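Here is how the chains run, residue by residue.
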Amino acid sequence: MSEPADRRYGPATLPRERGPLSAAVVEALRHPPHDLPADLGADLDPADPITDEDLQLTLFLCYELHYRGWLGVDESWEWQPTLLALRGRCERVFEAALRRLVGTPPVPAAGVAAGLAELVAADDGPSLAATLQRRADLSQFREFVVHRSVYHLREADPHSWALPRLGGPAKAALVEIQTDEYGNGRLDRMHAELFRRTLDRLGLDTGYGAHVDVAPAVTLATNNLMSLFGLHRRLRGALLGHLAAFEMTSSLPNRRYGNGLRRLGFDEVATRFYDEHVEADAVHEQIAAHDMCGGLVRVEPALASDVLFGAAAGLAVDRLFAAHLLDSWATGRSSLRAPAPPALPPKVSLGALPAVAPSTPAALV
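For clarity, every value in this text was computed on a predicted model and none was experimentally measured. (Residues numbered from 1 in each chain as written. Predicted model: local features only at pLDDT ≥ 70, side-chain atom pairs only at ≥ 80, totals over all residues. Heavy atoms only, no water.)

## Some points on the overall build of the chain
Within the chain, the secondary structure is distributed over 14 helices and zero strands. Along the chain, helices (α) and strands (β) appear in the sequence α-α-α-α-α-α-α-α-α-α-α-α-α-α when read from the amino end. A globule of 365 residues ought to have a C-alpha radius of gyration of about 21 Å, and the chain, at 20 Å, matches this closely. Along the longest, intermediate and shortest principal axes, the C-alpha atoms of the chain span 55 × 50 × 40 Å. Residues classed as buried in the chain amount to 55% of the 365 residues present. (Helix = DSSP H or I, 4+ residues; strand = E, 2+ residues; numbered from the N terminus. Rg over C-alpha atoms; globule rule 2.2 N^0.38 Å. Buried < 20%, exposed > 50% of the residue type's maximum accessible area, 1.4 Å probe, protein only.)

## Notes on the layout of surface pockets
Empty pockets left among the atoms are what a rolling probe the size of a water molecule brings to light. One number sums up the size of the largest pocket: a volume of about 770 Å³. Around the largest pocket, the lining comprises 32 residues; the ones closest to its centre are A129, T249, P253, Y257 and D318. Mapped by element, the contributors of at least two residues to the lining of the largest pocket are α5 (128–134), α6 (138–152), α11 (236–248), α12 (251–263), α13 (268–299) and α14 (304–330). Per-class residue counts for the lining of the largest pocket are 16 nonpolar, 10 polar and six charged. (1 Å grid on protein atoms, 1.4 Å probe; cavity = no way out; pocket = protein on both sides within 12 Å on 5 of 7 lines; lining within 4 Å. Points joined across faces, edges and corners; volume = space filled by probe spheres on them. Nonpolar A, V, L, I, M, F, W, Y, C, P; charged D, E, K, R; others polar.)

## A few points about the pattern of salt bridges
Tallying each qualifying case throughout the model produces 17 salt bridges. One salt bridge in this structure joins R7 and D205, with 3.0 Å as the shortest N-O distance. Taken as a pair, R7 in the segment before α1 (20–29) and D205 in the loop between α9 (191–201) and α10 (217–230) lie far apart in primary sequence, 198 residues in all. For R7, a relative accessible area of 37% corresponds to the partly exposed category. Among the residues examined, D205 registers a relative accessible area of 29% and is labelled partly exposed. Residue R87 is joined to E91 by a salt bridge in which the shortest nitrogen-to-oxygen separation is 3.2 Å. Here E91 and R87 lie together in helix α3 (residues 81–102), a separation of four residues that amounts to about one turn. For the pair R87 and E91, a shared accessibility class is recorded, and that class is buried. Residues joined by salt bridges that share partners form a network here, namely R18, E53 and R337. (Salt bridge = Lys/Arg side-chain N within 4 Å of Asp/Glu carboxyl O.)

## Observations regarding unusual backbone geometry
In this chain, G10 is followed by P11 through a cis amide linkage whose omega measures 5 degrees. Considering the arrangement of structural elements, one finds P11 in the segment before α1. The backbone phi angle of N184 is positive, close to 50 degrees, even though this residue is not glycine. Within the secondary structure, N184 is located in the loop between α8 (168–181) and α9.

## Focus: the packing of aromatic side chains
Going through the model one piece at a time under the given rule, you end up with nine aromatic pairs. On the basis of an interplanar angle of 90 degrees and a centroid distance of 6.0 Å, the ring pair of F141 and F144 is categorised as edge-to-face. Within this pair, F141 and its partner F144 are both found in helix α6, separated by three residues, close to a single helical turn. Comparing F141 with F144, the two get one shared label, buried. Grouped by ring-pair contacts, the aromatic residues F141, F144, F195, Y257, F273 and Y274 constitute a single cluster. (Phe/Tyr/Trp six-rings, centres within 6.5 Å; stacked < 30°, edge-to-face > 60°.)

## With respect to the nonpolar core
Counting 102 residues, the largest nonpolar core has F141, F144 and M292 as the members making the most contacts within it. The element best represented in this core is α14, accounting for 13 residues. In this structure, F141 is in contact with L132, L202, Y257, G260, L261, L264 and Y274, ignoring residues within four places of it in sequence. (Core = buried A, V, L, I, M, F, W, Y, C linked by side-chain atoms within 4.5 Å. Contact = heavy atoms within 4.5 Å.)

## Re the side chain of S149
Mapped onto the secondary structure, S149 falls in helix α6. Using a relative accessible area of 3% as the deciding quantity, one classes S149 as buried.

## Focus on the packing of α3 against α10
Running from N to C, α3 and α10 point in directions that differ by 105 degrees, and their axes come no closer than 11 Å. By the criterion of interaxial angle, the relationship of α3 to α10 is roughly perpendicular. Residues E91, F94, E95 and L98 of α3 pack against A221, N224, L225 and L228 of α10. Each residue belonging to the contact of α3 with α10 can be placed in one class, and the counts come to five nonpolar, one polar and two charged. (Axes fitted to C-alpha atoms, helices over the stretch in contact; angles between N-to-C directions. Parallel < 35°, antiparallel > 145°, perpendicular 65-115°, else oblique.)

## Topic: the environment of D52
Its location among the elements puts D52 in the loop between α1 and α2 (53–64). Along the backbone, D52 and L220 are 168 residues apart, and their C-alpha atoms lie at a distance of 10.0 Å. Beyond its immediate sequence surroundings of up to four residues, D52 is in contact with P46 and A217. Within the local environment of D52, its side chain forms a polar contact with the backbone nitrogen of D54, the two atoms lying 3.3 Å apart. At 2.8 Å, the side chain of D52 and the backbone nitrogen of L55 are in polar contact. (Polar contact = N/O pair within 3.5 Å; in protein donor to acceptor, adjacent residues only side chain to side chain.)

## Details of the environment of P301
Turning to its location among the elements, P301 is positioned in the loop between α13 and α14. The exposed category is assigned to P301, whose relative accessible area is 57%. As for P301 and S139, which are separated by 162 residues in sequence, their C-alpha atoms are 47 Å apart.

As structure tokens, then:
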């Protein structure tokens with residue numbers, strides 16, 4: 001199996017399996033497309049689908065076929081009927097868990113934008129951003145960046161699935177947001193490229209999908225949630241609601257992430273990704289809530305509840321993600337699956353790094 005010409009852009013190498021279901025999929029993808037056993041996944045019933053390693057990796061394996069694909073895997077697997085059937089079984093379990101988690105958020109009389117604001121105001125999850133700004137050491141910050149690389153190296157792509165499914169004001173608003181995410185057509189300003197520079201400054205592998213193997217189920221779930229919404233037209237309202245909640249809760253945390261890196265001695269190249277989002281997302285949140293989601297619901301009023309479900313689900317899974325990192329660090333553990341990424345020297349240009357004591361047995365420094 002040959003390496004891609006440029007690992008930065010994919011496809012990624014197939015990850016290791018995490019249970020019988022993902023093992024069956026990984027093994028199947030190593031061969032030309034063929035029918036999977038009809039009963040594969042028929043008895044799927046994990047105790048907690050959102051944090052189940054086997055289920056979330058199986059979904060991620062299937063979804064990635066619709067993005068960059070997997071290195072050495074026949075591209076015809078993307079639409080192989082029995083693999084799609086397995087994906088559907090996994091999706092039903094995952095979606096049911098999400099709906100149990102958040103229920104059906106009511107649509108207030110003031111409208112969907114007001115409902116989004118209420119959900120965001122009521123979000124009382126643990127403040128991961130505050131920890132990274134004030135107390136996290138270098139090893140912990142690197143772990144956080146590794147987790148987020150699974151999404152940020154394809155940032156905006158999941159939400160772009162909505163574009164051909166929309167028309168009118170909602171589509172125009174989404175295009176405005178996505179244009180910024182893709183750097184207005186300039187490679188050096190694309191948000192995924194800015195994040196790649198952050199990875200590089202922190203001495204981490206910048207390859208697309210390079211860190212999937214160490215990302216736990218809850219991290220994969222934050223990504224699978226977007227793919228689930230994006231790949232089903234019936235969930236287009238949920239996809240826009242998710243994006244709105246993401247934009248409405250982004251500006252302050254990104255300011256804190258940038259300040260946390262500055263506290264650790266990093267330069268403007270390392271912090272630019274976060275600094276870029278402080279101003280941009282403050283604008284995006286208004287566009288997302290009022291023009292995008294509000295515009296969608298004005299045209300399709302029946303989707304108001306879906307919009308709020310998508311926002312609530314995104315916020316809830318992000319709370320689980322933040323709790324996983326903070327709980328791991330509080331007990332002296334790495335928040336990543338073994339093995340940790342190889343230690344590489346961070347690249348800083350504002351003087352030497354301050355001395356930091358590794359806080360986890362699997363420290364990345």
